[in-house]
Amino acid sequence: RALARASPHIWFERAEAKDRILVAKRLKEHVTDPKNPPILIFPEGTCINNTSVMQFKKGSFEVGGVIYPVAIKYDPRFGDAFWNSSRYSMMQYLFLMMTSWAIVCDVWYLPPMERQEGESAIDFANRVKRVIADQGGLVDLVWDGQLKRSKPKKEWKEKQQEKFSKLLKGE
């Protein structure tokens with residue numbers, strides 16, 4: 001609540017289709033007014049283990065406007081900022097963070113990027129992701145970070161099985 005009062009936020013429930021439409025509308029309204037501050041978005045939708053950049057959600061890349069990419073890579077020597085939610089509870093994680101020597105990270109503010117003419121939101125998101133991965137020395141992954149919380153779709157598994165089968169056959 002304190003954060004919501006401190007600055008404007010756009011809260012939504014990702015699973016609700018009508019929330020997505022409302023969020024897209026509010027984001028478009030926000031970016032069209034030059035007096036508004038930039039919007040801070042974490043397009044992966046989750047945090048992973050500081051080695052890779054996972055698939056971005058396309059919604060924030062459909063809005064239009066300028067994207068100001070930022071690459072962040074944590075240095076785990078004094079304390080690992082990654083929260084492995086399957087290993088630590090939120091309270092355990094907070095304790096580890098509060099008792100670590102320091103949380104050190106490299107932050108790179110990259111040149112602003114705009115969607116190119118004829119470029120889809122997905123292609124734009126992938127282009128931004130690639131720039132961030134390259135700068136941070138991270139692996140550019142093509143799958144969704146939510147896979148750590150849910151099972152992959154059946155068609156995704158079948159597609160990977162088909163690729164693997166072709167690889168074994170030498171096609």
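Reading guide: rules and limits
- Residues numbered from 1 in each chain as written.
- Predicted model: local features only at pLDDT ≥ 70, side-chain atom pairs only at ≥ 80, totals over all residues.
- Heavy atoms only, no water.
- Helix = DSSP H or I, 4+ residues; strand = E, 2+ residues; numbered from the N terminus.
- Buried < 20%, exposed > 50% of the residue type's maximum accessible area, 1.4 Å probe, protein only.
- Contact = heavy atoms within 4.5 Å.
- Areas by Shrake-Rupley, 256 points an atom, 1.4 Å probe, with all protein chains shown as cover.
- Lys, Arg positive; Asp, Glu negative; His and termini not counted.
- Charge placed at Lys NZ, Arg CZ, Asp CG, Glu CD.
- Salt bridge = Lys/Arg side-chain N within 4 Å of Asp/Glu carboxyl O.
- Core = buried A, V, L, I, M, F, W, Y, C linked by side-chain atoms within 4.5 Å.
- Expected span 1.5 Å × (residues − 1).
- Patch = residues over 30% accessible without salt bridge, like charges linked within 9 Å, V, L, I, M, F, W, Y side chains within 5 Å.
- Domains from an automatic or database assignment.
- Buried area = accessible area lost by both parts, 1.4 Å probe.
- Nonpolar A, V, L, I, M, F, W, Y, C, P; charged D, E, K, R; others polar.

Undergrad: Explain the overall build of the protein chain here, please?
TA: Helices and strands together make up the secondary structure of the protein chain, namely six helices and four strands. The order of α-helices and β-strands along the protein chain, N terminus first, is α-α-β-α-β-α-β-α-β-α. Taking the principal axes of the C-alpha coordinates as reference, the protein chain spans close to 60 × 45 × 35 Å. Put simply, the protein chain has 171 residues, and 23% of those count as buried. Counting only contacts in the protein chain whose residues sit at least 6 apart along the sequence, the fraction spanning at least 24 positions is 62%. Accessible area for the protein chain stands at about 13,300 Å²; split by element, carbon and sulfur atoms hold 57% of it. With 28 positive and 21 negative side-chain charges, the protein chain shows a spacing of 5 Å between the two charge centroids.

Undergrad: Could you clarify how one ought to interpret the pattern of salt bridges in this entry?
TA: Side chains bearing opposite charge may pair, as long as their charged atoms lie close to each other. Tallying each qualifying case throughout the model produces seven salt bridges. Its salt-bridge partner being Lys58, residue Glu62 comes within 3.4 Å of it at the nearest N-O pair. A relative accessible area of 38% means that Glu62 is categorised as partly exposed. The partly exposed category is assigned to Lys58, whose relative accessible area is 41%.

Undergrad: Help me understand the nonpolar core, please; the structure alone is not making it clear to me.
TA: In a soluble, globular protein the nonpolar side chains are often hidden away together inside. Core analysis: the biggest nonpolar cluster contains 14 residues, and Val53, Phe56, Phe61, Ile67, Phe124, Val128 and Ile132 have the highest contact counts within it. For this core, the element with the highest residue contribution is helix α5 (residues 121-136), accounting for six residues. Once residues lying within four places of it in the same chain are set aside, the contact partners of Ile67 are Ser60, Phe61, Pro111, Pro112, Met113, Phe124 and Val128.

Undergrad: Help me out: how do you make sense of the side chain of Lys129 in this one?
TA: Within the secondary structure layout, Lys129 lies in helix α5. Ignoring any residue separated from it by four or fewer positions in sequence, one finds Lys129 in contact with Val53, Met54, Gln55, Phe56, Asp140 and Leu141.

Undergrad: Explain helix α6 (residues 154-169) to me, please; I cannot follow it from the model alone.
TA: Side chains three or four residues apart in an α-helix point the same way, a direct result of the helix having 3.6 residues per turn. Here α6 is 16 residues long and its end C-alpha atoms lie 23 Å apart, about the 22 Å a rise of 1.5 Å per residue gives. Residue Gly170 follows α6 closely and has a positive phi angle near 80°.

Undergrad: When you look at a nonpolar patch on the surface in this model, what are you seeing that I'm missing?
TA: On the surface, a cluster of nonpolar side chains totalling about 820 Å² of accessible area is made up of Leu40, Phe42, Val70, Ile72, Tyr74, Ile103, Val107 and Tyr109. Of all the elements in the fold, those that place two or more residues in the nonpolar patch are β2 (70-75) and β3 (104-109). Here the nonpolar patch gets three residues from one element, more than from any other, and that element is β2.

Undergrad: I would appreciate a short explanation of the domain arrangement of the protein chain in the present structure.
TA: Buried accessible area, meaning the area lost when the parts come together, often serves as the stated size of an interface. What the domain assignment lists for the protein chain is domain 1 (1-40) and domain 2 (41-169). For domain 1 and domain 2, the distance between their C-alpha centres works out to 21 Å. Facing the six residues of domain 1 at the interface are seven residues of domain 2. Carbon and sulfur atoms make up 75% of the surface buried where domain 1 meets domain 2, a total of about 640 Å² over both sides. Remark: the boundary between domain 1 and domain 2 carries zero salt bridges. Across the side of domain 1 that touches domain 2, the residue classes tally to four nonpolar, no polar and two charged.

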